[in-house]
Amino acid sequence: MIRFEQLSVTYEGSAEPALHGVDLTVPEGELCLLVGPSGVGKSTLLGTVSGLVPHFTGGTLTGRVTVAGRDTRTHRPRELADIVGSVGQDPLAHFVTDTVEDELAYGMESLGLPPGTMRRRVEETLDLLGLNELRDRPIATLSGGQRQRVAIGSVLTPHPRLLVLDEPTSALDPGAAEEVLAVLQRLVHDLGTTVLLAEHRLERVVQYADRVLLLPGRGRRARLAEPAEAMADSPVRPPVVELGALAGWTPLPLSVRDARRAAGPLRERLAVRAPRETEVPGTRETAGATEGVSLRYGSVEALHRLDFTVRRGEAVALMGRNGAGKSSLLGTLVGLHAPTRGTVSVGGGAPHRTPPAKLLRRVGLVPQEPRDLLCADTVAAECTAADADAGAAPGSCRALVTRLLPEVPDGTHPRDLSEGQRLALALAVVLTARPPLLLLDEPTRGLDYAAKARLVAVLRELTAEGHALVLATHDVELAAEVAHRVVIVAQGEIVADGATAEVVTSSPSFAPQVAKVLAPRPWLTVPQVRAALADAP
Amino acid sequence: MAHHPELPRTQGRSAAAERPGTDRGVRARLRAPTANRTTSLHPGAWWLWALGLATAASRTTNPLLLALLVAVAGYVVAARRSDAPWARSYGAFLKLGLLVLGIRMVFAFFLGSPIPGTHVLVTLPEVPLPDWAQGVRLGGRVTAEGLLFALYDALKLATLLICVGAANALANPARLLKSLPGALYEAGVAVVVAMTFAPNLIADVRRLRTARRLRGRRDRGVRAVLSVGLPVLEGALERSVGLAAAMDARGYGRTADVGPALRRTTALLTLGGLLGVCIGTYALLAAEGAAFGTPLLLAGVATALAGLRIGGRRTVRTRYRPERWGLRAWSVSASGVAVAALMVLAGSTHPDALHPPAVPLTAPPLPLWPAAAVLLGLLPAVVAPAQPRTPAASEPPAPVPRQTARLRPALWATAGQPGGVDVHQEPAAGAEAPRTPGGGARLSGYGRPGSHPAQHGKEPRQ
């Protein structure tokens, strides 16, 4: 279906090629997962398939990519539109029209399909993706998962033989991600569509993959392999695979189900042990609290009489579906929204009445898009600005950056940093003012496992130093590793609040993979298991 | 047997109820349907209706008639507008109308007016102006007549604006542009894309100002707004490049192979037509040549249209569910045209009532039949398809499954137990909890072969 022949891509102005020597063939009718650490050229590889690289991005492509027999060098993306459907990382950037139904029809209109066919396919796709109730809705009013489904639907209607998706589930809550993956699964099984997708959250997708296209980076060659075999030497692996590797299972399990079958002996070995208790802070002082807080935007009540407290030295994970009120709660704690009723207190004052310059030293928020926070042209200038904003001694921000990002030189433009590096820089900027309460909104979006592990280490250090952390996240693995407490929010109300082990294990959607494998024992993460096994005689 | 006599009667009643053509059948057919993609009115009909009202407004300065026009437009908007983002523009147009009114009154107050009047309200100190500014006055007497004249005049302008606002609120602009001929398609897309960009820009500005606040800087004031300008532009540029890539990847700009002869004919017709239009217009405007001006103009328009039509053949595009112009569209546009036509007619029969004099000061009369004519504009409030008013349509978050409410007891019940909970052996928690995250419709039966027939697969691939 896709044939890469000695493919190398070099972007203008960069010394090294973004991709080098890719030579393989993706067979038809398979769900092929593209795996690799961040910055290894996954998006570039996907771009070469849809023809956007190099026709839109510039750069030099050597070698050849053939999709269903068409050479992407001689065919522009629009001439591949009938065989390749591609959706980028941000579905909003993909929409041309303003309502769901028009969006589904757009691609077919461009291809000039007859009206009767278009009508029939739109109806079929609405059913296939469960979008019928949304057909007349303006796209701007849809939630994240709905948008992703509309984006997939909009490239499905021309019946492409190949679907190319870049991180389709990264921004979604676990439930919405399952929806999208279920759709992909059906496309592959029922329609024989070939799907090529890149995803950082391997724990969500690897068990569905028929093949894995591994881009190991560091000069090693790309190769196509069976998922279990590829996972064995992949630099990025989901927790279930890590657990399998730790326990020495062969073949490596890819799904919770496989792992549970093999996990009998491990469960027995662990039966006599209990996970090392994470220190739940005792009666430390309150870092931030809301009391009966309601927040309204127009007719939508984002928060409803919500009581929430976070103490110093404690990490709390806020979970819940997209639009449940997590970001609204963070915004209220950092004074962006004045509550419609109820009181908020952070560091002894109401945050929305505290001037920003003063509030900075009480509470800091790293927003969902860390880039928003960065305004200077270089890392060094960013640090100087942060010192000035926070009134900290010159050099304090730079010291933090050096600790979080040892390898980044001063002169780098923040835009050229990778997603994880940018997050670290934003975190350093916020930490410069040393706020006792630190809020993070979706910190692991776009991070690979290595970057996530570094983030986890940093966050642990911060709580040990007495910072209070609140993380709004869909990432159950992150919550399991960092949080002492998990709070589940739905419709602006808290529906569950308790110690991480208790809350996440009582709900399959929020349980980390290790917990599912080793249930009923409350093991949550691979490091916990590793530590317990290391202690064993 | 005792019931037998009743039998025919009941049968007769039910038959009458079901028979079409009876009272209920007719009423049911006449009642406006709920608007959806199939039944919704052609946006052109809304524009014709609104332009009809606007034409009527331009023919009168009678404040009572103008107020009636505003009321008619407002009522129809209130009755038939949707919850879509563009429908909210009506409020903006109302405010714009009031602003125009305010500005006109302020000018009339300070710059005086040429209307002679006897009722002096206040005398402002007059600023002496040099000779070259003759005819302009600054300050001086402010008369009630002058202000009244300005009010009538401004009211007319405000009514025009409000009529346009009504059309904007009622008709989806994107759908209107979709009705453009194929050769103008690109221009239509450009406008639609620009329209969807504006809300994104506003959202960007808001996000970046928030970020400024998070850095401990002031988020109000001119400097704060200016400092986000550059990143916002940068973001807009990035987004437009992204959109261009997405559009290209979806087949935008695919063209059919047409012969060079056809291409040349298209160019010739379009250029020739435009030239004809230019010369014709010039001839019409110039003193001499009115004789050949009109035919030349018409011929030019016809040629240009033919050029556009042939040019449309180069695009391979087809149209998904083009707007249909049905009986309801006819009646909506006809009501607007009727209001306009009757008001033009009234201009010759009731010239005084339509233009009540400001001097001397009198209460404006309400001419009866022109007022009745204006009321014809209410027809769309009955005829046009009604919008479904569902709370779900106006609120962005997806509907929440009912299980949420039940999660809490389940969670508490299980979370309280020592030693954690086994989700895999606890059917209560297992059955309810997975539905909690992610709202909206969910695919059921995924992974069960045969539970969903592959409707998709029946069609031969292109």
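Quick look at the structure, then.

Thresholds applied
- Residues numbered from 1 in each chain as written.
- Chains lettered and ligands numbered in written order.
- Predicted model: local features only at pLDDT ≥ 70, side-chain atom pairs only at ≥ 80, totals over all residues.
- Heavy atoms only, no water.
- Helix = DSSP H or I, 4+ residues; strand = E, 2+ residues; numbered from the N terminus.
- Rg over C-alpha atoms; globule rule 2.2 N^0.38 Å.
- Areas by Shrake-Rupley, 256 points an atom, 1.4 Å probe, with all protein chains shown as cover.
- Lys, Arg positive; Asp, Glu negative; His and termini not counted.
- Charge placed at Lys NZ, Arg CZ, Asp CG, Glu CD.
- Buried < 20%, exposed > 50% of the residue type's maximum accessible area, 1.4 Å probe, protein only.
- Pairing = 2+ DSSP bridges.
- Axes fitted to C-alpha atoms, helices over the stretch in contact; angles between N-to-C directions.
- Contact = heavy atoms within 4.5 Å.
- Polar contact = N/O pair within 3.5 Å; in protein donor to acceptor, adjacent residues only side chain to side chain.
- Phe/Tyr/Trp six-rings, centres within 6.5 Å; stacked < 30°, edge-to-face > 60°.
- Parallel < 35°, antiparallel > 145°, perpendicular 65-115°, else oblique.
- Nonpolar A, V, L, I, M, F, W, Y, C, P; charged D, E, K, R; others polar.
- Core = buried A, V, L, I, M, F, W, Y, C linked by side-chain atoms within 4.5 Å.
- Expected span 1.5 Å × (residues − 1).

**Things to note about the overall build of chain A**
At step 1: Looking only at helices and strands, one finds 22 helices and 19 strands in chain A.
At step 2: In terms of C-alpha radius of gyration, chain A reaches 24 Å, essentially the compact-globule figure of 24 Å for 537 residues.
At step 3: With the C-alpha coordinates of chain A rotated into their principal frame, the extents come out at 65 × 60 × 50 Å.
At step 4: Just so you have it, chain A exposes about 18900 Å², and 49% of that area is on carbon and sulfur atoms.
At step 5: Looking at charge distribution, chain A has the averaged site of its 57 positive side-chain charges lying 3 Å from that of its 64 negative ones.

**With respect to the overall build of chain B**
At step 1: Counting its regular elements, chain B contains 18 helices and two strands.
At step 2: Evaluated residue by residue, chain B yields a buried proportion of 36% over its 462 residues.
At step 3: Of the roughly 26200 Å² that chain B leaves accessible, carbon and sulfur atoms contribute 67%.

**So, the sheet that holds strand S7 (residues 162-166) of chain A**
Residue and element names in this part refer to chain A.
At step 1: Strand order in this open sheet of six strands is S6-S7-S8-S3-S9-S10, and the pairing throughout is mixed. Edge strands, defined here as strands with exactly one partner in the open sheet, are strand S6 (84-87) and strand S10 (223-225). In this sheet, neighbouring strand axes are inclined to one another by 20 degrees on average, regardless of whether the strands run parallel or antiparallel.
At step 2: Bridge count between S7 and strand S8 (residues 194-198): five bridges; the pairing is parallel. Note on S8: the bridge partner recorded for Leu163 is Val195.
At step 3: Seen against the sheet, helix H7 (residues 174-191) touches strand S3 (31-35), S7 and S8 and runs at an angle of roughly 160 degrees to S7.

**Quick word on the sheet that holds strand S15 (residues 363-366) of chain A**
Within a beta sheet, neighbouring strands are joined by backbone hydrogen bonds and run either parallel or antiparallel to one another.
All names here are of chain A.
At step 1: Overall, mixed pairing links the six strands, which are arranged S15-S16-S17-S13-S18-S19 in an open sheet. The open sheet has two free edges, formed respectively by S15 and strand S19 (493-499), since each of these has just one partner strand. The mean inter-strand angle of the sheet, taken between neighbouring strand axes irrespective of direction, is 15 degrees.
At step 2: Where strand S13 (residues 315-319) lies against strand S17 (residues 468-472), four bridges are found, and the strand directions are parallel. Directly across from Ala315, in S17, lies its bridge partner Leu469.
At step 3: Across the sheet, helix H13 (residues 326-333) is in contact with S13, S15, strand S16 (437-441) and S17; its angle to S16 comes to roughly 150 degrees.
At step 4: Helix H17 (residues 419-431) rests against S15 and S16 of the sheet, and its axis sits at about 165 degrees to S15.

**Focus: unusual backbone geometry**
As a rule of thumb, non-glycine residues mostly have phi less than zero, and peptide bonds are mostly trans rather than cis.
At step 1: Here the amide bond leading from Ala519(A) into Pro520(A) is cis, since omega sits at 10 degrees, within 30 degrees of zero.
At step 2: With respect to the helices, strands and loops of the structure, Pro520(A) is situated in the loop between helix H21 (513-518) and helix H22 (526-535).
At step 3: Here the bond from Val359(B) into Pro360(B) is cis, since omega is -5 degrees, no more than 30 degrees from zero.
At step 4: Structurally, Pro360(B) is set in the loop between helix H13 (351-354) and helix H14 (368-375).

**A few points about the environment of Arg223(A)**
Residues and elements named next belong to chain A.
At step 1: Within the secondary structure, Arg223 is located in strand S10.
At step 2: The partly exposed category is assigned to Arg223, whose relative accessible area is 26%.
At step 3: For the pair formed by Arg223 and Val22, sequence separation is 201 residues and the distance between their alpha carbons is 7.8 Å.
At step 4: Non-local contacts of Arg223, meaning those with residues more than four positions away in its chain, are made with Leu24, Val212, Leu213, Leu214, Glu229, Ala230 and Asp233.
At step 5: Within the local environment of Arg223, its side chain forms a polar contact with the side chain of Asp233, the two groups lying 3.0 Å apart.

**Thoughts on the packing of aromatic side chains**
Residue and element names in this part refer to chain B.
At step 1: For the structure on display, the rule yields three aromatic pairs over all chains.
At step 2: Plain terms: the ring middles of Phe109 and Phe110 are 5.2 Å apart, the flat faces sit at 80 degrees to each other, and that makes the pair edge-to-face.
At step 3: The partly exposed category is assigned to Phe109, whose relative accessible area is 28%.

**As for the packing of helix H3 (residues 43-58) of chain B against helix H12 (residues 327-349) of chain B**
Residues and elements named next belong to chain B.
At step 1: Packing of H3 against H12 brings their axes to within 7 Å, and their N-to-C directions diverge by 10 degrees. Between H3 and H12, the interaxial angle falls into the category roughly parallel. Between H3 and H12, the residues in contact are Ala45, Trp46, Leu48, Trp49, Gly52, Leu53, Thr55 and Ala56 and Ala329, Val332, Ser333, Ser335, Gly336, Val339, Ala340 and Met343, respectively.
At step 2: Here the contact of H3 with H12 is built from residues that sort into 11 nonpolar, five polar and no charged.

**Notes on the nonpolar core**
Burial of nonpolar side chains together is a common tendency in soluble globular proteins.
Residues and elements named next belong to chain A.
At step 1: Counting 70 residues, the largest nonpolar core has Leu33, Leu163, Val517 and Leu518 as the members making the most contacts within it.
At step 2: Counting residues per element, this core draws most heavily on H7, at nine residues.
At step 3: Discounting residues that sit within four places of it in the chain, Leu163 has contacts with Gly85, Ile152, Val155, Leu156, Leu184, Leu187, Thr193, Thr194, Val195 and Leu196.
At step 4: One finds Ala315, Leu330, Ala386 and Leu447 within the second-largest nonpolar core, a separate group that totals 64 residues.

**Considering the pairing of S3(A)**
The side chains of a regular strand alternate, residue by residue, between the two faces of the sheet.
All names here are of chain A.
At step 1: With respect to burial, S3 is a largely interior element, five of its five residues being buried.
At step 2: One ladder, built from four bridges, connects S3 with S8; its direction is parallel. Within S8, the position partnered with Cys32 by the bridge is Leu196.
At step 3: For S3 and strand S9 (residues 211-214), the ladder comprises four bridges, and the chain directions are parallel. Note that in S9 the partner of Val35 across the bridge is Leu214.

**A short note on H12(B)**
Counting along an α-helix, one turn takes 3.6 residues, and residues three or four places apart therefore face a common direction.
At step 1: If you check H12(B), its first and last C-alpha atoms are 32 Å apart, about what 23 residues at 1.5 Å a residue would give, namely 33 Å.
At step 2: Looking at the buried positions of H12(B), the neighbouring elements they touch are H3, helix H4 (63-80), H13, H14 and helix H15 (380-383) of chain B.

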